[in-house]
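# Observations on the model geometry
In case you want the letters, here they are:
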Amino acid sequence: DKILPPYPICLSRTAAEWVEHAKDAATRCCGADLSECKCPAKDKQPFQAKIGEYCAAVAEGGDCSKREATHRDGSSSCPKDDTISQTCLDKILPPYPICLSRTAAEWVEHAKDAATRCCGADLSECKCPAKDKQPFQAKIGEYCAAVAEGGDCSKREATHRDGSSSCPKDDTISQTCLDKILPPY
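Rules and cut-offs
- Residues numbered from 1 in each chain as written.
- Predicted model: local features only at pLDDT ≥ 70, side-chain atom pairs only at ≥ 80, totals over all residues.
- Heavy atoms only, no water.
- Helix = DSSP H or I, 4+ residues; strand = E, 2+ residues; numbered from the N terminus.
- Buried < 20%, exposed > 50% of the residue type's maximum accessible area, 1.4 Å probe, protein only.
- Contact = heavy atoms within 4.5 Å.
- Disulfide = S-S within 2.5 Å.
- Phe/Tyr/Trp six-rings, centres within 6.5 Å; stacked < 30°, edge-to-face > 60°.
- Lys NZ or Arg CZ within 6 Å of the ring centre and 35° of its normal.
- Expected span 1.5 Å × (residues − 1).
- Bend = angle between axes of the 7 residues up to and from the residue.
- Axes fitted to C-alpha atoms, helices over the stretch in contact; angles between N-to-C directions.
- Parallel < 35°, antiparallel > 145°, perpendicular 65-115°, else oblique.
- Left-handed = near helix turned anticlockwise from the far one by under 90°.
- Nonpolar A, V, L, I, M, F, W, Y, C, P; charged D, E, K, R; others polar.

On to the overall build of the protein, then. Check the secondary structure of the protein and you find six helices and zero strands. Reading the secondary structure of the protein in the N-to-C direction produces α-α-α-α-α-α. Within the protein, buried positions represent 38% of all 185 residues. Long-range pairs, those at least 24 residues apart, make up 61% of the contacts in the protein between residues at least 6 apart in sequence.

Right, let's talk about the state of the cysteines for a bit. Tallying each qualifying case throughout the model produces five disulfides. Residue C30 pairs covalently with C55 via a disulfide, S to S 1.7 Å. Across the S-S bond linking C30 and C55, the dihedral sits near -95 degrees, which makes this disulfide left-handed. Residue C30 is located in the loop between α1 (15-29) and α2 (45-58), and its partner C55 is located in helix α2; the two are separated by 25 residues in the primary sequence. Taking relative accessible area as the criterion, C55 reaches 17% and is therefore assigned buried.

By the definition in use, this model includes zero aromatic pairs. The aromatic ring of W107 is capped on one face by R102, whose charged end is 4.7 Å from the ring centroid.

Moving on, we come to α2. Spanning 14 residues, α2 covers 21 Å between terminal C-alpha atoms, matching the ideal 20 Å at 1.5 Å per step. Of all the bends in α2, the largest measures some 40 degrees and sits at I51. Restricting attention to buried positions, one finds in α2 the residues F47, I51, Y54, C55, A57 and V58.

Turning to helix α5 (residues 134-147), a few remarks are in order. For α5, with 14 residues, the first-to-last C-alpha span of 21 Å sits near the 20 Å given by 1.5 Å per residue. Residues F136, I140, Y143, C144, A146 and V147 constitute the buried set of α5. Looking at the packing, one finds that the buried side of α5 touches α3 (86-92) and α4 (104-118).

Right, let's talk about the packing of α1 against α2 for a bit. α2 packs onto α1 with a crossing angle of 120 degrees between their chain directions and a minimal axis gap of 10 Å. It follows from the interaxial angle that α1 and α2 lie oblique. Seen from above, α1 lies across α2 with left-handed handedness. Within the contact between the two elements, α1 uses H21, A22, K23, A25, A26 and C29 and α2 uses F47, I51, Y54, C55 and V58.

Below, the discussion takes up the packing of α4 against α5. Between α4 and α5, the shortest axis-to-axis distance is 10 Å and the interhelical angle comes to 115 degrees. The element α4 and its partner α5 pack so that their crossing is left-handed. The segment α4 lies against α5, with H110, A111, K112, A114, A115 and C118 engaging F136, I140, Y143, C144 and V147. Among the residues making up the contact of α4 with α5, the classes are represented as nine nonpolar, one polar and one charged.

Structure, rendered in structure tokens:
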């Protein structure tokens, strides 16, 4: 709770990546001289009120150094879900890091909803800002086929394992660390 930015920005990195970012930022933002600190809010009260806990959490021996800060699968990739086929996800997920803004199950639901407007000859209701561009037009057929009845995205139940859409957690990082460095959801 002390190092993560607010949702949905927190989804742009894994918990381990946020810890590494915090340790790097601490070299510039923890101390009397903030001239090298890149945080745009460094002169504002919320920053000044929280920076002490932030610095303590990432300091040598602090809560963020108590476990190895690596992601369980070593990746910083788009969401996956054991209940959704990888073929489906390959066809519907937007590029990284945009894909991090939702869970895999949420992307499937979004794709099914978007298909009602973006699959067919009339794209006037399609909300995709790239609907008139070549990359969209090259991929929309595959996308629509994936979310259609009987397509790759309908072959498995599309629900997230824990039903959440919250900031990242990581079993290799102590919860105490995350409680001190992550902002509230």
